[in-house]
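As a plain string of letters, each chain reads:
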Amino acid sequence: MGSTTDLHKVDFTSNFQNIINNALSSTPETRQAVDPSTEELLYHVPLSKQSDVDRAVSFAKAAFPAWKELSYDDRAGYLVRYAVAIEANLSGLQELLMKEAGKPVSNASGELAFAIAHVRETAKLRLEDDLIEDTEERKASVRYVPVGVGVGIVPWNYPVLLGLGKLGPALLTGNTFIWKPSPYSPYTALKLGEIAAQIFPPGVVQVLSGDESLGPLFTAHPEVAKISFTGSSATGKKVMAACASTLKRLTLELGGNDASIIYDDVDVAKVVQKIGPMAFMHSGQICMDIKRLYVHEKIYDEFLAAFVQVVKSFKVGGGGDPEAFLGPVQNKMQFEKVKDLYSEIGKQKWKVAAGGEPAACEGTRGFFLPPTIIDNPPDDSRIVVEEPFGPIMPVLKWSDEDEVVKRANNTNMGLGASVWSNDIEKAERLARRLEAGSTWVNSHFELSPYVPFGGHKWSGVGMDWGVVGLKGWCNTQASWVRKKF
Ligand code: NAD
């Protein structure tokens, strides 16, 4: 057997096919996604239909009994070998990710590094039985048993991390897994499926690409036991409704409109350096980017001026630009949506502190938009109420704690929220009052494979990751043993 590196070399520039039962599988029709940095068409990928879904689901179902019978340690071993194989293909995957997602080098390499670490660390988790009662008469315990065939439906913004972040917990707990990438970013997923085919038994990991009609084929499928969906709240509601007819297990990781509250005791120069990337990372296309920044009125002017300088220092450029920090918006549909929000600037007479309406970018290729800060718009304006999912955000003024908590919570979204202060106790007290799946003090981006991640309200149902995330891939089983009768 050759070295791991030789064994897992994959061609990243051709032959993008579905992975079904560990074989490459083509479809009569294909489609192409677009490189958002150049607007050029990328490689052809399969356009899967009902028959492809049926085949994949039946192979996943057939693989389930043997896979679930393996020990946690055995399944964890597979995951670690998979992480090694992915690492052996890092440069090819990175190039592909930069192209399909419009990611500058720093973002693409960061996503891959975190995703690989995620698989490795997830493999260390264990879901133990809970012993509730153990007396002379009886024993009562709670077990967590895998649900069966799981499907991960993934968006385009973090196509690798969000796919592998579902795959790891699904497989570790004994489920088989089908990965459905976004039509806008199917490429890395298909190649990660090809790598998986060299590691896992047939039917355990499969990847199917298609257009927007593919997701509903999975949510309707009677043999799929669980859907783990990440995407917009609007689609999440459709997924939940579709899963009702077959009572599927469901995890929904949805949109966010994260608030960040800055007290007047912070070191402004330091904090703006942290907040800048946390607000504009991936051009605002992260569910947990800071999307509403509430700054205490005593430091508002100083903070805004310093924040503008940080944001102006971000270089915008395509995947090929090694110095770029911000890439394009990932696709035309999202580009038009975000441009519509920019067009409100003139109409609503919003005060622009940095950037502005995108006329300056016209004539260039790629879905680029200037990073834009709106200075203290009204609370009911679209830029405050909606999730922009692009490089535009509001900075808002506050003076009273109760009032700012109310404003931060005054949204259907509830993904993350943060508080920044030198007084940690005070900040923690305020953070507890925020309605969100994650709260941070003096940070906004802490994530770990050991800590659950998810949203409250319309930002989600259930949590991914950590032991809580593992439980989401299982049915809870009460176990009673009567010792005397
Ligand atoms: P989207 O909802 O349009 O699509 C997400 C996925 O669902 C895609 O794979 C798509 O093909 C599929 N899909 C579309 N319609 C479907 C249907 N009816 N049934 C089943 N599947 C369907 O989201 P997007 O535009 O790809 O991603 C952006 C959104 O995702 C933002 O709102 C962002 O906040 C959210 N997001 C959330 C998290 C999180 O962890 N909470 C992480 C990243 C992105």
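Everything discussed here concerns the structure shown above.
Each chain has its residues counted from 1, following the order in which its sequence is written. Only residues with pLDDT of 70 or above have their local features reported here, since the model is predicted, and side-chain atom pairs are shown and tallied only from 80 upward, although totals for entire chains, interfaces and linings are computed over all residues. Note that the side-chain values use all heavy atoms of the structure and ignore hydrogens as well as water.

Q: Explain the overall build of the protein chain here, please?
A: By definition, any uninterrupted DSSP run of H or I lasting at least four residues is a helix, any uninterrupted run of E lasting at least two residues is a strand, and each is numbered from the N terminus. When helices and strands are counted, the protein chain shows 17 helices and 22 strands. Overall, the protein chain is about 70 × 60 × 45 Å in size when its C-alpha atoms are taken along their principal axes. Contacts in the protein chain between residues at least 24 apart in sequence constitute 73% of all its contacts with a sequence separation of at least 6. Of the roughly 19,600 Å² of accessible surface on the protein chain, a fraction of 54% belongs to carbon and sulfur atoms. Computing the positive centroid from 51 side-chain charges and the negative centroid from 58, the protein chain places the two 4 Å apart. It only takes one pair of heavy atoms within 4.5 Å for two residues to be counted as in contact. Each accessible area value is a Shrake-Rupley result obtained with a 1.4 Å probe; residue values ignore everything except the protein chains displayed when judging cover. The charge count includes Lys and Arg as positive and Asp and Glu as negative, but it does not include His or the ends of the chains. Every charge is mapped to an atom, namely NZ of Lys, CZ of Arg, CG of Asp or CD of Glu.

Q: Looking at this structure, I do not really get the nonpolar core. What am I missing?
A: One broad trend across soluble globular proteins is that nonpolar side chains are buried collectively. In this structure, Tyr 82, Leu 164, Leu 167, Leu 171, Trp 179, Leu 192 and Phe 200 are the most contacted members of the largest nonpolar core, which totals 65 residues. Aside from chain neighbours lying at most four places away, what touches Trp 179 is Gly 152, Val 154, Pro 159, Val 160, Gly 163, Leu 164, Leu 167, Ala 189, Leu 192, Gln 206, Val 207 and Leu 208. Buried Ala, Val, Leu, Ile, Met, Phe, Trp, Tyr and Cys residues that are joined via side-chain atoms within 4.5 Å together make up what is termed a nonpolar core. Categorising residues by exposure relies on relative accessible area from a 1.4 Å probe, with only protein chains included: less than 20% of the type maximum marks a residue as buried, more than 50% marks it as exposed, and the intermediate range marks it as partly exposed.

Q: When you look at the packing of helix α4 (residues 90-101) against helix α7 (residues 187-197) in this model, what are you seeing that I'm missing?
A: Between α4 and α7, the least distance of the axes is 9 Å, while the angle of their chain directions is 155 degrees. Taken together, the axis directions place α4 and α7 in an arrangement best described as roughly antiparallel. Of α7, the residues touching α4 (which contributes Leu 93, Leu 96, Leu 97 and Glu 100) are Tyr 187, Thr 188, Lys 191, Leu 192 and Ile 195. Residue polarity follows a fixed list, in which Ala, Val, Leu, Ile, Met, Phe, Trp, Tyr, Cys and Pro are nonpolar, Asp, Glu, Lys and Arg are charged, and the others, Gly among them, are polar. Considered class by class, the residues forming the contact of α4 with α7 number six nonpolar, one polar and two charged. Structural elements are reduced to axes, namely lines fitted to C-alpha atoms, with helices fitted over the stretch in contact, and the angle between N-to-C directions of any two is expressed from 0 to 180 degrees. Any angle between 65 and 115 degrees counts as roughly perpendicular, while under 35 counts as roughly parallel, over 145 as roughly antiparallel, and the rest as oblique.

Q: Got a minute to help me understand the side chain of Asp 258 in this structure?
A: Within the secondary structure, Asp 258 is located in strand β12 (residues 258-262). Between Lys or Arg on one side and Asp or Glu on the other, a salt bridge is scored when a side-chain nitrogen of the former is within 4 Å of a carboxyl oxygen of the latter. Lys 291 provides the closest opposite charge to the buried, salt-bridge-free Asp 258, at an N-O distance of 5.9 Å. Apart from the residues lying within four places of it in its own chain, the contact partners of Asp 258 are Cys 287, Met 288, Asp 289, Ile 290, Lys 291, Arg 292, Leu 415, Gly 416, Ala 417, Trp 440 and His 444.

Q: What is the right way to read the packing of aromatic side chains from this model?
A: The description of two aromatic rings rests on the distance between their centres and on the angle between their planes. Any two rings among Phe, Tyr and Trp, with Trp reduced to its six-membered ring, count as a pair given centres within 6.5 Å; such a pair is stacked if its planes are under 30 degrees apart, edge-to-face if over 60, and tilted if neither. If you walk through the whole model with that rule in mind, you get 16 aromatic pairs. The interplanar angle of 20 degrees and the centroid separation of 5.9 Å between the aromatic rings of Tyr 78 and Phe 200 together place this pair among those described as stacked. One end of the pair, Tyr 78, is in helix α3 (residues 72-87); the other, Phe 200, is in the loop between α7 and β9 (205-207), with 122 residues separating them in the sequence. Assessed through its relative accessible area of 3%, Phe 200 is described here as buried. Seen in terms of ring centroids, Phe 335 and Phe 367 are 5.2 Å apart; in terms of plane orientation they differ by 40 degrees. Their pairing is tilted. Taken together, the positions of Phe 335 in helix α12 (residues 332-342) and Phe 367 in the loop between β14 (351-354) and β15 (372-375) put the pair 32 residues apart, joining distant regions of the chain. Here Phe 335 and Phe 367 have matching classes, each one buried. An aromatic cluster is built from Trp 67, Tyr 78, Tyr 82 and Phe 200, whose rings are joined through pairwise contacts.

Q: What should I look at first to understand the sheet that holds β12 in this one?
A: Where strands meet in a sheet, backbone hydrogen bonds hold them as pairs that are either parallel or antiparallel. Strand pairing is defined by DSSP finding a minimum of two bridges between the two strands. Sheet architecture is open: seven strands sit in the order β14-β15-β16-β13-β12-β17-β18, paired in mixed fashion. Edge positions in the open sheet fall to β14 and β18 (438-441), since each of these has one partner strand only. Taking the axes of each pair of neighbouring strands and ignoring which way they run, one obtains an average angle of 25 degrees across the sheet. Relative to β15, β14 runs antiparallel, the two being bridged by three bridges. Opposite Ala 354, over in β15, you have Ile 373 as the bridge partner. In the packing of helix α16 (residues 424-432) onto the sheet, the strands contacted are β12, β17 (416-420) and β18, and the crossing angle to β18 comes to about 165 degrees.

Q: I'm lost on helix α2 (residues 50-69) in this one. Help?
A: Given 3.6 residues to a turn, an α-helix orients residues that are three or four positions apart in the same direction. Expected helix span is computed as 1.5 Å times (number of residues minus one). For α2, built from 20 residues, the straight-helix expectation of 28 Å at 1.5 Å per residue is met to within 8% by its first-to-last C-alpha distance of 29 Å. Here the bend at each residue means the angle between axes fitted to two seven-residue stretches, the one ending at that residue and the one beginning there. Maximum bend of α2: about 40 degrees, positioned at Ala 63, with proline Pro 65 one to four residues after it. Here α2 has its buried residues at Asp 52, Val 53, Ala 56, Val 57, Ala 60, Ala 63, Phe 64 and Trp 67.

Q: Looking at this structure, I do not really get the site of the ligand. What am I missing?
A: Neighbouring the ligand are 28 residues; Val 154, Glu 212, Thr 235, Leu 254 and Glu 387 lie closest to it. Side-chain atoms alone can form a polar contact between residues adjacent in sequence; in general such a contact is a pair of N or O atoms within 3.5 Å, and within protein one must be able to donate a hydrogen while the other accepts it. Within the side chain of Ser 232, one N or O atom sits 2.8 Å away from an oxygen atom of the ligand. Bound to the protein, the ligand loses 91% of the 850 Å² it would expose on its own. Put simply, the parts of the chain that give the shell around the ligand at least two residues each are α8 (214-220), β10 (226-230) and α9 (233-244). For the shell around the ligand, a count of residues per class yields 15 nonpolar, nine polar and four charged. Near is defined per residue: the residue qualifies when any heavy atom it owns lies within 4 Å of the molecule or strand.

Q: Please clarify how the side chain of Ser 209 should be interpreted in this entry.
A: As for its position among the elements, Ser 209 is in the loop between β9 and α8. A relative accessible area of 1% places Ser 209 in the buried class. Looking at Ser 209, its side chain comes within polar contact range of the main-chain oxygen of Pro 46, at 2.5 Å. Setting aside chain neighbours within four positions, we find Ser 209 in contact with Asn 18, Val 45, Pro 46, Leu 47, Ser 48, Pro 186, Leu 190 and Leu 214.

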